[in-house]
Amino acid sequence: MILTSGSKTLDLTTPHIMGILNVTPDSFSDGGHFANIDNAVKHAHKMVEQGASIIDIGGESTRPGACDVLLDEELNRVLPVIERLKQELGCWVSIDTSKAKVMTAAVKAGADIINDVRALQEEGALQAAVDANVPVCLMHMQGQPRSMQTAPDYKNVIGEVRAFLEQRAEQCIKAGIKPTNIILDLGFGFGKSLQHNFDLLNATKEFMTLGYPVLTGVSRKSMFGQLLNRDINDRLAGSLAGAMIAMQQGSKIIRVHDVAETVDVMKVLQQVNTFK
Ligand code: 8Y7
């Protein structure tokens, strides 16, 4: 599997680590707008040095209970960071957004991937992604961030998530997105109970049969908080175990906060020929 964006390619024979870069106001200590940009860029440099090949930039918090962010505010947060990363780093840049206008502006500024937790279902988003002609990550979510964790409900979580992603991929292809530029994501923590999340994690290999690369985002999520009774900053071991399961089952992109540690896990797996 190979992703293509402009003149660049990303070979997914072995997995890649996507480092999370939040540029929401609550993610960095309050030193003003430019201090925040500087901090964000510094953090991206560090993650690339540690082995991240993709940096995922998000200006809208999609954590459970989060509020919507206005368009101009989101653009002001993400565009300066994308521009700096394109100048200073050779990594791939992914834009985490659901808004069509942010997708278009971010790709124009140099973003290489569109990462949409709403799977291009917001108004204009599908067409913006077609026009942008870059790889897209389609994620499953039940409900909306504000309320999705209230009462997650499935008859068959694996079947329902699989059917949604398969349908969404087909709709994207019909609209003009290249099949080889579609990435699927099971959407851990987005309208799922503890057991739903772990059932899905252990079904990662079943999603591979759809023929698209799978991206896994379990880093520091509440599934580990609940299972292990750990605060958000104490979930590294759980997150690494989750990343390892995902990679062993064929996931090709692992979205994480802790890049160096996840790269170590990947190298251990590589040494026992997990990806051959
Ligand atoms: C995911 C994500 C978040 C994920 C993809 C968090 C933006 C919540 N989670 N994107 N975004 N997959 N593709 O805890 O699991 O990082 S935000």
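Residues numbered from 1 in each chain as written. Predicted model: local features only at pLDDT ≥ 70, side-chain atom pairs only at ≥ 80, totals over all residues. Heavy atoms only, no water.

### With respect to the overall build of the chain
From N to C terminus, the chain includes ten helices and ten strands. Radius of gyration (C-alpha) of the chain: 17 Å, near the 19 Å computed for a compact globule of 276 residues. The principal-axis extents of the C-alpha atoms in the chain amount to approximately 45 × 40 × 40 Å. In the chain, which comprises 276 residues, the share counted as buried stands at 53%. Considering only contacts in the chain between residues 6 or more positions apart, those separated by 24 or more positions represent 68%. In the chain, the 27 positive side-chain charges and the 31 negative ones have mean positions that sit 3 Å from each other. (Helix = DSSP H or I, 4+ residues; strand = E, 2+ residues; numbered from the N terminus. Rg over C-alpha atoms; globule rule 2.2 N^0.38 Å. Buried < 20%, exposed > 50% of the residue type's maximum accessible area, 1.4 Å probe, protein only. Contact = heavy atoms within 4.5 Å. Lys, Arg positive; Asp, Glu negative; His and termini not counted. Charge placed at Lys NZ, Arg CZ, Asp CG, Glu CD.)

### Digging into the pairing of strand 10 (residues 253–256)
Alternating residues of strand 10 divide into I253 and R255 and I254 and V256, and every residue in both groups is buried. Relative to strand 10, strand 3 (residues 16–22) is paired through four bridges, and the arrangement is parallel. Note on strand 10: the bridge partner recorded for I17 is I254. Across two bridges, the pairing between strand 9 (residues 214–216) and strand 10 is parallel. Counted as the bridge partner of T216 is I254 from strand 10. (Pairing = 2+ DSSP bridges.)

### Re the nonpolar core
General note: in soluble globular proteins, nonpolar side chains tend to be found buried as a group. Of all hydrophobic cores here, the largest spans 73 residues; its most connected members are I57, I82, L85, I114 and L120. Setting aside its immediate chain neighbours within four residues, I82 contacts I57, V93, I95, A106, A109, G110 and A111. The next biggest cluster of nonpolar side chains, apart from the first, holds eleven residues, and it includes L10, L12, W92 and C137. (Core = buried A, V, L, I, M, F, W, Y, C linked by side-chain atoms within 4.5 Å.)

### Structural notes on the packing of aromatic side chains
In the structure shown here, the tally under the stated rule is one aromatic pair. Measuring from centroid to centroid gives 6.0 Å for F198 and F224, while their planes differ by 85 degrees, and the two rings are edge-to-face. Taken together, the residues F198 in helix 6 (residues 194–201) and F224 in helix 8 (residues 222–228) connect sequence positions 26 residues apart. Residue class for F224 comes out buried when judged on its relative accessible area of 3%. (Phe/Tyr/Trp six-rings, centres within 6.5 Å; stacked < 30°, edge-to-face > 60°.)

### A short note on the site of the ligand
Of all residues adjacent to the ligand, which total 13 residues, the nearest are D96, N115, D185, K221 and R255. Between the ligand and K221 there is a distance of 2.6 Å, counted from an oxygen atom to a side-chain nitrogen or oxygen. Measuring from an oxygen atom of the ligand, one finds a side-chain N or O atom of R255 at 2.9 Å. Computed on the free molecule, the ligand has an accessible area of 410 Å², of which 94% lies beneath the protein chains in the complex. The residue inventory of the shell around the ligand, partitioned by class, reads five nonpolar, three polar and five charged. (Near = heavy atom within 4 Å. Polar contact = N/O pair within 3.5 Å; in protein donor to acceptor, adjacent residues only side chain to side chain. Areas by Shrake-Rupley, 256 points an atom, 1.4 Å probe, with all protein chains shown as cover. Nonpolar A, V, L, I, M, F, W, Y, C, P; charged D, E, K, R; others polar.)

### Here's the deal with the sheet that holds strand 9
Taken together, eight strands build a closed barrel; the order of strands is 3-4-5-6-7-8-9-10 and the barrel is parallel. Mean inter-strand twist for the sheet, computed between neighbouring axes without regard to direction, equals 25 degrees. Against the sheet, helix 10 (residues 259–271) touches strand 3 and strand 10, its axis set at about 165 degrees to strand 3. (Axes fitted to C-alpha atoms, helices over the stretch in contact; angles between N-to-C directions.)

### Quick look at the pairing of strand 6 (residues 113–116)
Here strand 6 shows no split at all, with I113 and N115 on one side and I114 and D116 on the other all buried. Handedness of the β-α-β unit built from strand 5 (residues 92–96), helix 3 (residues 100–109) and strand 6 comes out right-handed. Two elements, strand 6 and strand 7 (residues 136–139), share three bridges in a ladder whose sense is parallel. Residue pairing across strands places I114 opposite V136, the latter belonging to strand 7. (Right-handed = clockwise from strand over helix to strand, strands pointing away.)

### Looking at the pattern of salt bridges
Enumeration over the complete set of coordinates arrives at nine salt bridges. Note that K99 and E74 form a salt bridge whose closest N and O atoms lie 2.5 Å from each other. Separated by 25 residues along the polypeptide, K99 in the loop between strand 5 and helix 3 and E74 in helix 2 (residues 71–88) bring together distant segments of the chain. K99 gets classed as partly exposed once you look at its relative accessible area, which sits at 22%. (Salt bridge = Lys/Arg side-chain N within 4 Å of Asp/Glu carboxyl O.)

Shape is all these values report; function is a separate question.
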